[in-house]
Amino acid sequence: MSSTQQPSSSKKQTLFIASLIILWYSSNIGVLLLNKYLLSNYGFRFPIFLTMCHMSACAFFSYISIVFIKLVPLQQIKSRPQFLKIATLSVVFCGSVVGGNVSLRYLPVSFNQAVGATTPFFTAVFAYLMTFKREAWVTYAALVPVVAGVVIASGGEPGFHWFGFIMCISATAARAFKSVLQGILLSSEGEKLNSMNLLLYMSPIAVLVLVPAALIMEPNVVEVTISLGRQHRYMWLLLLINSTLAYSANLSNFLVTKHTSALTLQVLGNAKGAVAVVISILLFRNPVTVVGIAGYTMTVLGVVAYGEAKRRFR
C-alpha cells in the first residue's frame, strides 16, 4: 500500500512544483509585458502611479495571505530601529521599481531585460564596497561578459534611448543595492524576516512614499486615468490584473524558493529573461539586430557563468 502511495505522492509534488514554476513565469513575464503595454502603447504614462498600484495590491494581498490564510506565520516588528531599516529598504525598493517602469516607456522589453541581467555585477560591486566581501577571481572574471554584452547590445539596439537606459541601469543598481542592504540591515537572528513578511511591511510604507510623489510629479494622473477609463472599457481591469500579477510574482518567487532552492530560482530567472524577450518581440514587433541578440546572449551566458563560479568557489 505504501509503495503505491509513494509514487503517487511524488507525482503530486512534481505537479505542484511545476505549477508553481508556471505561476512564477506567467506572473513575472505577464507583469513586465502589461507594464510595457500600459506605459508605451496604451497612453497611460504614469510609472509612479502604476508602481503605487502594484504596492497597494502587495500590501492588501500580503495581509490577506498572512493574517487570514496563514500562508506563513506573522512575524512582528520588534523595535524602532528594525522598523527604520525596513523603511529604508522600502524606499530603495520603490526606486528600483519606479526606475524599471520609467525605462519601459522608452526602451523595448528585450533591451530592458538585457540591462536587467547585469544585476549580479552591481550586487558584487555593492557587496565589496559595503561589506568588503571578496569573491574568487574567476567569479569576478565571469562578470566581464555580463557588462560587455550590455555594451554590445546597446550599440546594436535600434530603439536605444539615453534617458531610458539611465533609468534602467539605475533600477538595476537599486535592486542589487536593496539585496545587499537587506543582508546587512536584517542580518541578526532577531530581525530576520522571510520575504513575505518583509513585503507585508514594506508595501504600505512604499504606498505612503509613492502617493505624494505621484501627485507632485504626475499632477494630472487622476483626471487622465479617469478619462482613459471612460475611453477604454478594460482600463480598470488591466490595472487590476497588472497589480495582482505584481503580488503574484512576489508570492511565486517565495514559494518556488521554498519548495526548490535559490539556485533553481536563479537558473529559472536566466531562462525567464530569454522567454520574456522572445514574447515581447512577437507582441510589440520591436526591431532587433544580430548585434543586439549577440550582446544579450553574451550577458546571459556571463550571468550563468557567474552563478556557477560563485557556487563552486564559495
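Reading the values: the criteria
- Residues numbered from 1 in each chain as written.
- Predicted model: local features only at pLDDT ≥ 70, side-chain atom pairs only at ≥ 80, totals over all residues.
- Heavy atoms only, no water.
- Helix = DSSP H or I, 4+ residues; strand = E, 2+ residues; numbered from the N terminus.
- Expected span 1.5 Å × (residues − 1).
- Buried < 20%, exposed > 50% of the residue type's maximum accessible area, 1.4 Å probe, protein only.
- Arc of directions from axis to C-beta.
- Contact = heavy atoms within 4.5 Å.
- Disulfide = S-S within 2.5 Å.
- pLDDT = per-residue confidence, 0-100.
- Salt bridge = Lys/Arg side-chain N within 4 Å of Asp/Glu carboxyl O.
- Polar contact = N/O pair within 3.5 Å; in protein donor to acceptor, adjacent residues only side chain to side chain.

Enquirer: Would you mind going over helix α7 (residues 143-155) with me for this structure?
Expert: Three- or four-residue spacings in an α-helix give side chains the same orientation, since the helix completes a turn every 3.6 residues. Compared with an ideal rise of 1.5 Å per residue, which puts 13 residues at 18 Å, α7 spans 19 Å between its outermost C-alpha atoms and is within 8% of the ideal. When α7 is considered as a whole, its buried residues turn out to be Leu143, Val146, Gly149, Val150, Ala153 and Ser154. Seen end-on, α7 carries its buried residues on one side only, within an arc spanning 135°. More than 90 degrees from the buried face of α7, the exposed residues found are Val144, Val151 and Gly155. For α7, the secondary structure elements touched by its buried residues are α4 (109-116), α5 (119-131), α6 (137-141), α8 (162-185) and α13 (290-312).

Enquirer: Help me out: how do you make sense of the state of the cysteines in this one?
Expert: A covalent bond between the sulfur atoms of two cysteines is referred to as a disulfide. Across all of its chains, the model carries 0 disulfides by this definition. Cys58 supplies the cysteine sulfur nearest to Cys53, a cysteine that is in no disulfide, at a spacing of 11 Å. Cys94 provides the cysteine sulfur closest to Cys168, a residue in no disulfide bond, and the two sulfurs are 18 Å apart. Accessibility expressed as a relative area gives 3% for Cys168, which makes it buried.

Enquirer: Just to check I follow, could you spell out the environment of Val150 for this structure?
Expert: Take Val150: it is sitting in helix α7. C-alpha separation for the pair Val150 and Ala294, spaced 144 residues apart in sequence, amounts to 9.6 Å. Beyond its immediate chain neighbours, meaning those up to four positions away, Val150 contacts Ala114, Val115, Thr118, Phe165, Gly295 and Thr299.

Enquirer: Before we go on, may I ask you to explain unusual backbone geometry in this structure?
Expert: For residues that are not glycine, phi is negative in most cases, and the peptide bond is trans in most cases. Of note, Lys70 is a non-glycine position whose phi angle comes to about 60°, a positive value. Topologically, Lys70 is positioned in the loop between α2 (47-68) and α3 (80-106). Located in the positive-phi region is Arg285, a residue other than glycine, with phi close to 55°. By the element assignment, Arg285 lies in the loop between α12 (262-284) and α13.

Enquirer: Please clarify how the confidence of the model for the protein chain should be interpreted in this entry.
Expert: In low-pLDDT regions, the fine details of the predicted coordinates are not to be read closely. Scored by pLDDT, the protein chain comes out at a mean of 89, with 97% of its residues at no less than 70. Per-element mean pLDDT across the protein chain ranges from 80 in α12 up to 96 in α2.

Enquirer: I would appreciate a short explanation of the pattern of salt bridges in the present structure.
Expert: Pairing is possible between side chains that carry opposite charge, provided their charged atoms lie close to one another. One pass over the full model with this rule turns up 2 salt bridges. A salt bridge links Lys85 to Glu191; the shortest N-O distance between them is 2.8 Å. Placement of Lys85 in helix α3 and of Glu191 in the loop between α8 and α9 (195-217) is noted, with a sequence separation of 106 residues between them. Of the residues examined, Lys85 reaches a relative accessible area of 23% and is grouped as partly exposed. Note on Glu191: relative accessible area 13%, which makes it buried. Salt-bridge contacts for Glu308 lead to Arg312; the nearest nitrogen and oxygen are separated by 2.8 Å. Linking Glu308 with Arg312, this pair stays in helix α13, spanning 4 residues, or about one helical turn. Take Arg312: its relative accessible area is 62%, and that puts it in the exposed class.

Enquirer: Teacher, can you tell me more about the side chain of Asn197 here?
Expert: On the secondary structure map, Asn197 appears in helix α9. For Asn197, a relative accessible area of 0% translates into the label buried. Separated by 3.0 Å, the side chain of Asn197 and the backbone oxygen of Pro73 make a polar contact. At 2.9 Å, the side chain of Asn197 forms a polar contact with the backbone nitrogen of Gln75. The residues touching Asn197, leaving out its near neighbours within four places in the chain, are Ile66, Val72, Pro73, Leu74 and Gln75.

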